[in-house]
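# Fold and contact review
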Amino acid sequence: MTEPDQNNAESALETALENRDAVISLAQQASSSISLFSRNLDPRVFDNAEFERSLFNLARKHKSTDIRILVQDTSTAIRQGHCLIRLAQKLTSSVFVHNPAKEHSRELSTFMIVDNTGMLYRPRSTSTSYTAVVNHCAPQRAGELSDYFNEMWEKSTPDSQIRRLYI
C-alpha cells in the first residue's frame, strides 16, 4: 500500500492485505458512523479480529453510533461465521445489515465511508482484483459515496438471515 502523505492524498491499493489494512485504519479513525457496501463481505478484507474490535469499540462508544452494512449476499458469510455477522447479532441497536433492492443488485463495487470524511472505494469487487483507493480525509468524495449509499439504504430491507433466534 502506498502510504498517505501529509495532506491525506488518495492512496492506491492492489492486494487483499492492503484493503484489509485500509479498512481497519479507517474503522479506527471513525468517531460516529461507518457505512459499508459489499457484494459478500469478502473475508480476506472484512473478516478479522482487528476490524471487528474497531467496530465493536465504536458501537460501544456512543448510543448514536451508526454502523450500516449493505450486503448483496450474506449466505457464505453466515455459513462461515463471519465476524461482522456475529457483531450485528450482538449489537442489534448499533450494527445493521441490510440487503439492497433489486435495482442495485448489479452494483460491482465495494466501498466504505467513515464519518462522511474517510473512504475506501474498490470499483470492481472480484476474488482476483483488489485494486482500490483509500483516503482518510476526502469529505467531498466520501460525501458523494455517502449520498449513493443512503439512496441504496432507503430502498433496502433488513437481512432476515442474520437474525439470531432465541429458543
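The model shown is predicted, which means the values in this text are computed figures rather than measured ones.

A separate point is the pattern of salt bridges. Evaluation of the coordinates by the stated rule reveals six salt bridges. For Glu-52, the salt bridge is made with Arg-86, and the minimal N-O distance between the two is 3.5 Å. Taken together, the residues span a long stretch of sequence, with Glu-52 in helix H3 (residues 49-61) and Arg-86 in helix H5 (residues 83-90) at a distance of 34 residues. Residue Asp-66 is joined to Arg-68 by a salt bridge in which the shortest nitrogen-to-oxygen separation is 3.5 Å. What makes Asp-66 partly exposed here is its relative accessible area of 27%.

Before going further, it helps to spend a moment on the sheet that holds strand S2 (residues 33-38). Pairing is mixed in the open sheet, where eight strands are placed in the order S1-S7-S6-S5-S2-S3-S4-S8. A single partner strand is all that each edge strand has here, and the edge strands are strand S1 (11-13) and strand S8 (157-158). The pairing of S2 with strand S5 (residues 110-114) spans four bridges and is classified as antiparallel. If you follow Leu-36 over to S5, its bridge partner there is Met-112.

With that out of the way, let us pick up the confidence of the model for the protein. When pLDDT is averaged along the protein, the result is 91; 93% of the residues meet or exceed 70. Predicted confidence is poor over residues 1-6, with pLDDT under 50, and the contacts of this stretch with residues over four places away or in other chains come to ten contacts.

Once that is clear, we can look at the pairing of S5. In terms of burial, S5 is largely enclosed, as five of its five residues are buried. Neither face of S5 is open: one carries Thr-110, Met-112 and Val-114, the other Phe-111 and Ile-113, and all of them are buried. Taken together, the five bridges between S5 and strand S6 (residues 118-122) define a ladder with antiparallel strand orientation. Looking across to S6, one finds that Phe-111 is bridged to Tyr-121. Between S5 and S6, which pair antiparallel and follow one another directly, the connecting turn spans three residues, one of which, Asp-115, has a positive phi of 50°.

Two measures define how a pair of helices packs: the angle their axes make with one another and the distance between the axes. In the contact formed by helix H1 (residues 16-29) and H3, the axes pass within 9 Å of each other and the chain directions differ by 15°. Taken together, the axes of H1 and H3 lie roughly parallel to each other. The element H1 and its partner H3 pack so that their crossing is left-handed. The segment H1 lies against H3, with Val-23, Ile-24, Ala-27 and Gln-28 engaging Glu-50, Phe-51, Ser-54 and Leu-55. In terms of residue class, the contact of H1 with H3 is made up of five nonpolar, two polar and one charged.

What follows is about the packing of aromatic side chains. Two aromatic rings, taken as a pair, are described by how far apart their centres are and by the angle between their planes. Counted under the stated rule, the structure contains six aromatic pairs. For the pair Phe-37 and Phe-111, a centre-to-centre distance of 5.5 Å together with 25° between the ring planes defines the contact as stacked. One end of the pair, Phe-37, is in strand S2; the other, Phe-111, is in strand S5, with 74 residues separating them in the sequence. For Phe-37, a relative accessible area of 0% corresponds to the buried category. Classification of Phe-111 by relative accessible area gives buried; the value is 0%. Taken together, a centroid distance of 5.8 Å and an interplanar angle of 20° make the contact between Phe-149 and Trp-153 stacked. Within this pair, Phe-149 and its partner Trp-153 are both found in helix H6 (residues 139-155), separated by four residues, close to a single helical turn. Residue Phe-149 is classed as buried on the basis of its relative accessible area, which comes to 0%. Following the ring pairs from residue to residue traces out a cluster consisting of Phe-37, Phe-111, Tyr-121, Tyr-148, Phe-149 and Trp-153. Cation over ring: Arg-68 sits above Trp-153, and NZ or CZ is 5.2 Å from the ring centre.

About the thresholds
- Residues numbered from 1 in each chain as written.
- Predicted model: local features only at pLDDT ≥ 70, side-chain atom pairs only at ≥ 80, totals over all residues.
- Heavy atoms only, no water.
- Salt bridge = Lys/Arg side-chain N within 4 Å of Asp/Glu carboxyl O.
- Helix = DSSP H or I, 4+ residues; strand = E, 2+ residues; numbered from the N terminus.
- Buried < 20%, exposed > 50% of the residue type's maximum accessible area, 1.4 Å probe, protein only.
- Pairing = 2+ DSSP bridges.
- pLDDT = per-residue confidence, 0-100.
- Contact = heavy atoms within 4.5 Å.
- Axes fitted to C-alpha atoms, helices over the stretch in contact; angles between N-to-C directions.
- Parallel < 35°, antiparallel > 145°, perpendicular 65-115°, else oblique.
- Left-handed = near helix turned anticlockwise from the far one by under 90°.
- Nonpolar A, V, L, I, M, F, W, Y, C, P; charged D, E, K, R; others polar.
- Phe/Tyr/Trp six-rings, centres within 6.5 Å; stacked < 30°, edge-to-face > 60°.
- Lys NZ or Arg CZ within 6 Å of the ring centre and 35° of its normal.

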